[in-house]
Amino acid sequence: AQHGDALRKGRLINYIPLTPATPATIIHNPELNMNVFERWDVSEVAQQFTLFEFKLFQHVGPNEFFNQCWVKKTKETSSPNLLRWIDHFNLVSGWVKSSIVQCPNLKQRIALMKNMIALADHLVRLNNFSGAMEVLAGLSNSAVSRLKHTHEGLSNSSRTSLEELNTLFSTQGSSRVYRERLSKAPLPRIPYVGLYLTDLTFIDEGNSDKTEGELLNVEKYRLTCRVISEIMSHQRVNYNFSPKEEFVQFIHNIQVLDDSAGYKLSLEIEPREPKPSSS
């Protein structure tokens, strides 16, 4: 929760997603989450998530990014669409985590993790960097990352793909690899908005509103507008996939485990290994 709060304020920390605006719920029907790859091909899942997410992204307006209004008391009225976007990010991340820890069979769990990694890879190919980050955040959750036997069962190709995803979204050098990839990606594309919130927060907190002569700090607002303008530039071109109503209903029906319940299940499916004796 501490890492999530830090990112909500705009500080990017590893792969912890933005703090949700609404609390996560305990899942009641695991099958709602776990049979998605039995119903649709991985590439189709990626396309449908991308369609749904691009619609959400297009509704976020420029005014929702000014003055860190997404964390202010008035956030529900000043940044309603941005908050929905944040909620969706956390929902998908929670779905990835919940689906994996609720799969008690090791062989099936390995196959599910393989599909999740492939999903993130397909999302990157579609230039849906936000969707890929959502999946990676779920895979990086401590309840999933500790699953030693599951990771050991992955094929070399899946491990390589996961390493490439981690490299792409590494925060080293101010997320240099991701920023370069995004700048070269053709439209349509969906950026990882959390990084923009980081940039806007640093601009807002690192620059005063007025100069020493009590004049308006034009440079601060120029920097802010440049970032917001870049965000808006990603909204110009639509994806041309056909939406599937059944998949939209699947998204609306997703329920996730909170972190405490998720970690408890993780320990049940792969208990901690006893520490070696010191004697």
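Every value quoted in this text rests on a predicted model; they were computed, and no experiment measured them. Position numbers for residues count from 1 along each chain, tracking the sequence in the order it is written. Side-chain atom pairs in this predicted model are given and counted only at pLDDT of 80 or more, local residue features only at pLDDT of at least 70, and totals for whole chains, interfaces and linings cover all residues. With hydrogens and water excluded, all non-hydrogen atoms of the structure serve as input to the side-chain values.

Asker: Please explain the overall build of the protein chain as it appears in this structure.
Answerer: Each helix and strand in the protein chain was counted, giving 16 helices and zero strands. Buried, partly exposed and exposed residues are distinguished by accessible area as a fraction of the type maximum, computed with a 1.4 Å probe on protein chains only: under 20%, between the cut-offs, and over 50%, respectively. Looking at the 279 residues of the protein chain, the share that counts as buried comes to 48%. When contacts within the protein chain are restricted to residue pairs at least 6 apart in sequence, long-range pairs at least 24 apart make up 77% of them. Each helix is a run of DSSP H or I of at least 4 residues and each strand a run of E of at least 2, with the numbering of both proceeding from the N terminus. Residues are treated as being in contact if the distance between any of their heavy atoms lies within 4.5 Å.

Asker: Help me understand unusual backbone geometry, please; the structure alone is not making it clear to me.
Answerer: The omega torsion across Leu187 and Pro188 is 0 degrees, close enough to zero to call that bond cis. Phi is positive for Asn127, close to 60 degrees, though the residue is something other than glycine. For Asn127, the location among the structural elements is in the loop between α7 (106-125) and α8 (129-140). With a relative accessible area of 11%, Asn127 lands in the buried category. The phi angle at Ser174 is positive, at roughly 55 degrees, despite the residue not being glycine. By the secondary structure assignment, Ser174 is in helix α12 (residues 172-184).

Asker: For this particular structure, what's the right way to read the nonpolar core?
Answerer: Considering soluble globular proteins, one finds that nonpolar side chains tend to be buried as a cluster. Nonpolar cores are built from buried Ala, Val, Leu, Ile, Met, Phe, Trp, Tyr and Cys residues. Side-chain atoms within 4.5 Å join them into one set. Judged by nonpolar contacts, the single largest core of 74 residues is most densely connected at Phe49, Phe65, Trp95, Met116, Leu119 and Leu139. In this structure Leu119 touches Phe37, Val42, Val45, Ala46, Phe49, Trp95 and Val135, once residues within four positions along its chain are discounted.

Asker: Please clarify how the packing of aromatic side chains should be interpreted in this entry.
Answerer: Any aromatic ring pair is given by two values, namely how distant the centres are and how the planes are angled relative to each other. Classification of ring pairs rests on two measures: the distance between centres of Phe, Tyr or Trp rings, Trp counted by its six-membered ring, which must be within 6.5 Å, and the angle between planes, read as stacked under 30 degrees, edge-to-face over 60 and tilted in between. For the coordinates displayed, the defined rule picks out 15 aromatic pairs. Between Phe49 and Phe247, the ring centres sit 5.1 Å apart and the planes meet at 90 degrees, which makes this aromatic pair edge-to-face. Of this pair, Phe49 sits in helix α4 (residues 42-58) while Phe247 sits in helix α15 (residues 245-252), and the two are 198 residues apart along the sequence. Under the relative-accessibility criterion, Phe49 is labelled buried at 1%.

Asker: Would you mind going over the packing of α4 against α7 with me for this structure?
Answerer: Axis definition: a line fitted to C-alpha atoms, limited for helices to the stretch in contact. Angles are taken between N-to-C directions and run from 0 to 180 degrees. With their axes 9 Å apart at the nearest point, α4 and α7 run at an angle of 55 degrees to one another. Considering the angle they form, α4 stands oblique to α7. As α4 runs across α7, the sense of the crossing is right-handed. Between α4 and α7, the contacting residues are Val42, Ser43, Val45, Ala46, Phe49 and Thr50 on the first element and Asn115, Ala118, Leu119, His122 and Leu123 on the second. Taken together, the residues of the contact of α4 with α7 sort by class into seven nonpolar, four polar and no charged. Orientation is classified from the angle alone, with under 35 degrees giving roughly parallel, over 145 giving roughly antiparallel, 65 to 115 giving roughly perpendicular, and any other angle giving oblique. Rotating anticlockwise by less than a right angle from the far helix to the near helix defines a left-handed crossing, while the corresponding clockwise rotation defines a right-handed one. Note on residue classes: Ala, Val, Leu, Ile, Met, Phe, Trp, Tyr, Cys and Pro are nonpolar, Asp, Glu, Lys and Arg are charged, and everything else, Gly too, is polar.

Asker: Would you mind going over α15 with me for this structure?
Answerer: For α15, the set of buried residues is Phe247, Phe250 and Ile251. The arc that holds the buried residues of α15, viewed along the axis, is 95 degrees, so those residues lie on one side. Turned more than 90 degrees from where α15 packs its buried face, Glu245 and His252 sit exposed. Along the arc lie the directions from the helix axis toward the C-beta atoms.

Asker: What is the right way to look at the packing of helix α6 (residues 80-101) against helix α16 (residues 259-269) in this model?
Answerer: Angle between the axes and distance between the axes are the two parameters that describe a pair of packed helices. As a packed pair, α6 and α16 sit with axes 9 Å apart at the nearest point and diverge in direction by 30 degrees. When the axis of α6 is compared with that of α16, the two are roughly parallel. Where α6 crosses over α16, the two elements pack in a sense that is left-handed. From α6, Lys97, Ile100 and Val101 reach across to α16, where they touch Asp259, Gly262, Leu265, Ser266 and Ile269.

Asker: Just checking my understanding: could you explain the pattern of salt bridges for this structure?
Answerer: Two side chains that carry opposite charge are able to pair once their charged atoms sit near each other. We define a salt bridge as a side-chain nitrogen of Lys or Arg found within 4 Å of a carboxyl oxygen belonging to Asp or Glu. In this structure the tally under the stated criterion is eleven salt bridges. Where Arg125 meets Asp121, a salt bridge forms, and the shortest distance between an N and an O atom there is 2.7 Å. With Arg125 and Asp121 both in helix α7 and four residues apart, this pair spans about one turn of that helix. Residue class for Arg125 comes out exposed when judged on its relative accessible area of 59%. The shortest N-O distance in the salt bridge between Asp204 and Lys220 comes to 3.2 Å. One end of the pair, Asp204, is in helix α13 (residues 193-206); the other, Lys220, is in helix α14 (residues 218-233), and 16 residues separate them in sequence. When salt bridges that share partners are traced, they join Asp204, Asp209 and Lys220 into one network.

Asker: Which parts of the structure should I look at to understand the confidence of the model for the protein chain?
Answerer: Caution applies to low-pLDDT regions: their predicted coordinates should not be interpreted in detail. The predictor attaches a confidence to each residue, called pLDDT, with possible values from 0 through 100. In the predicted model, the protein chain carries a mean pLDDT of 88, and the fraction of residues at 70 or more is 87%. Predicted confidence is poor over residues 1-30, with pLDDT under 50, and the contacts of this stretch with residues over four places away or in other chains come to 78 contacts.

Asker: I tried to follow the environment of Leu165 on my own but got confused; where do I start?
Answerer: Structurally, the position occupied by Leu165 is in helix α11 (residues 156-168). Between the C-alpha atom of Leu165 and that of Leu136, which follows or precedes it by 29 residues, the distance is 7.6 Å. In this view, Leu165 contacts Ile117, Ala120, Asp121, Val124 and Leu136; residues no more than four positions away in its chain are not counted.

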